[in-house]
Amino acid sequence: MLQATAFAAPFLFSPRIVCTMNPDQAPSPKFKSAPRSPRTRAREFAVQALYQHLVGQNSVEAIDQFTRNLQGFAKADSVHYDAVFRGCMADTAALDALIVPKLDRSLAEISPCEHAIMWMGVYEFQHCPDIPWRVVLNEHIELAKAFGGTDGHKYVNGVLHKLAQELRPLEFAHDQKS
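Residues numbered from 1 in each chain as written. Predicted model: local features only at pLDDT ≥ 70, side-chain atom pairs only at ≥ 80, totals over all residues. Heavy atoms only, no water.

### A few points about the overall build of the chain
Okay, so step 1: A count of helical and extended segments in the chain gives 8 helices and 2 strands.
Okay, so step 2: Moving toward the C terminus, one meets the helices and strands of the chain in the order β-β-α-α-α-α-α-α-α-α.
Okay, so step 3: Burial analysis of the chain (178 residues in total) assigns 38% to the buried set.
Okay, so step 4: Counted over contacts in the chain with a minimum sequence separation of 6, partners at least 24 positions apart contribute 67%.
Okay, so step 5: For the chain, the exposed surface amounts to about 10,300 Å²; the carbon and sulfur share of it is 56%. (Helix = DSSP H or I, 4+ residues; strand = E, 2+ residues; numbered from the N terminus. Buried < 20%, exposed > 50% of the residue type's maximum accessible area, 1.4 Å probe, protein only. Contact = heavy atoms within 4.5 Å. Areas by Shrake-Rupley, 256 points an atom, 1.4 Å probe, with all protein chains shown as cover.)

### Describing the nonpolar core
One recurring pattern in soluble globular proteins is that nonpolar side chains are buried together.
Okay, so step 1: In this structure, L50, Y81, C88, I99, M118, M120 and L163 are the most contacted members of the largest nonpolar core, which totals 45 residues.
Okay, so step 2: Residue assignment for this core shows that the elements contributing at least two residues are α1 (38-56), α3 (78-90), α4 (92-99), α5 (112-127), α6 (133-147) and α7 (152-167).
Okay, so step 3: Counting residues per element, this core draws most heavily on α5, which supplies 9 residues. (Core = buried A, V, L, I, M, F, W, Y, C linked by side-chain atoms within 4.5 Å.)

### Re the environment of L54
Okay, so step 1: With respect to the secondary-structure elements, L54 resides in helix α1.
Okay, so step 2: Non-local contacts of L54, meaning those with residues more than four positions away in its chain, are made with P112, H115, A116 and W119.

### Here we look at the confidence of the model for the chain
Okay, so step 1: Looking at the chain, pLDDT values average 82 and 80% of them are 70 or higher.
Okay, so step 2: Of all secondary-structure elements in the chain, the lowest mean pLDDT belongs to strand β2 (residues 17-20), at 40, while α4 reaches the highest, 95.
Okay, so step 3: Scored below 50 in pLDDT, residues 1-32 shows 33 contacts in the model against residues more than four places distant or in partner chains. (pLDDT = per-residue confidence, 0-100.)

### Section: α1
Okay, so step 1: Helix length check: α1 (19 residues) gives 26 Å between terminal C-alpha atoms against 27 Å at 1.5 Å per residue, within 8%.
Okay, so step 2: In the stretch just after α1, Q57 is the one whose phi turns positive, near 55°. (Expected span 1.5 Å × (residues − 1).)

### Describing the pattern of salt bridges
Opposite charge on two side chains lets them pair, provided their charged atoms get close.
Okay, so step 1: Applying the stated rule across the entire model yields 13 salt bridges.
Okay, so step 2: Across the pair K102 and E166 runs a salt bridge whose closest N-O atoms are separated by 2.7 Å. One end of the pair, K102, is in the loop between α4 and α5; the other, E166, is in helix α7, and 64 residues separate them in sequence.
Okay, so step 3: You can call K102 partly exposed: its relative accessible area is 21%.
Okay, so step 4: The class for E166 is partly exposed, based on a relative accessible area of 39%.
Okay, so step 5: A salt bridge links E171 to R168, with the shortest nitrogen-to-oxygen separation between them at 2.9 Å.
Okay, so step 6: Assessed through its relative accessible area of 26%, E171 is described here as partly exposed.
Okay, so step 7: Linked through salt bridges whose partners overlap, the residues forming this network are E61, D64, R68, D82 and R86. (Salt bridge = Lys/Arg side-chain N within 4 Å of Asp/Glu carboxyl O.)

### A look at the side chain of T40
Okay, so step 1: Along the chain, the position of T40 falls in helix α1.
Okay, so step 2: At a separation of 3.0 Å, a polar atom in the side chain of T40 contacts the side chain of S37. (Polar contact = N/O pair within 3.5 Å; in protein donor to acceptor, adjacent residues only side chain to side chain.)

### Here we look at the packing of α1 against helix α2 (residues 60-68)
When two helices pack together, their arrangement is given by the angle between their axes and by how far apart the axes lie.
Okay, so step 1: Across the interface, α1 lies against α2 with an axial gap of 10 Å and an inter-helix angle of 145°. Judged by the sense of rotation from one axis to the other, the crossing of α1 with α2 is right-handed. Together, F45, A49, Q52 and H53 of α1 and I63, F66 and T67 of α2 make up the contact between the two elements.
Okay, so step 2: Taken together, the residues of the contact of α1 with α2 break down into 4 nonpolar, 3 polar and no charged. (Axes fitted to C-alpha atoms, helices over the stretch in contact; angles between N-to-C directions. Left-handed = near helix turned anticlockwise from the far one by under 90°. Nonpolar A, V, L, I, M, F, W, Y, C, P; charged D, E, K, R; others polar.)

In structure tokens, the structure reads:
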């Protein structure tokens, strides 16, 4: 018998569903998913922390302490997590000012998850020049697929692609010529 249960914790959401069944009945996987890098894990924790801020309006310190105690945080790049989470929290108004002109609806109509992911993408475009713009874009599309709504990744892609042109014009232009 197959049962589906979702992981749940206060102020935490997870896209994962666990199926429990007799191990003898479990199908053997045809492929294993690629291991996630510490930086990817840091982004996953940062989006959850920013979501907590947007939904719960908790303090930065309370959110940070809660997030650092989550299972798996030790495998994340804590320096990148700190930079992204604290950087986004310090510049929410400036990040929104860049995002809003690229939207086709009001910011209030954007889900908190996609809002957090767009904050992170803009922050990385501005403050992480060592990460190519295409990597920033792809990482945030993947976050939106994992944590966002059904087609949220398409919206995040469109907004961040426009912002890449604006925030990384030389790198963007160079890639378009290649």
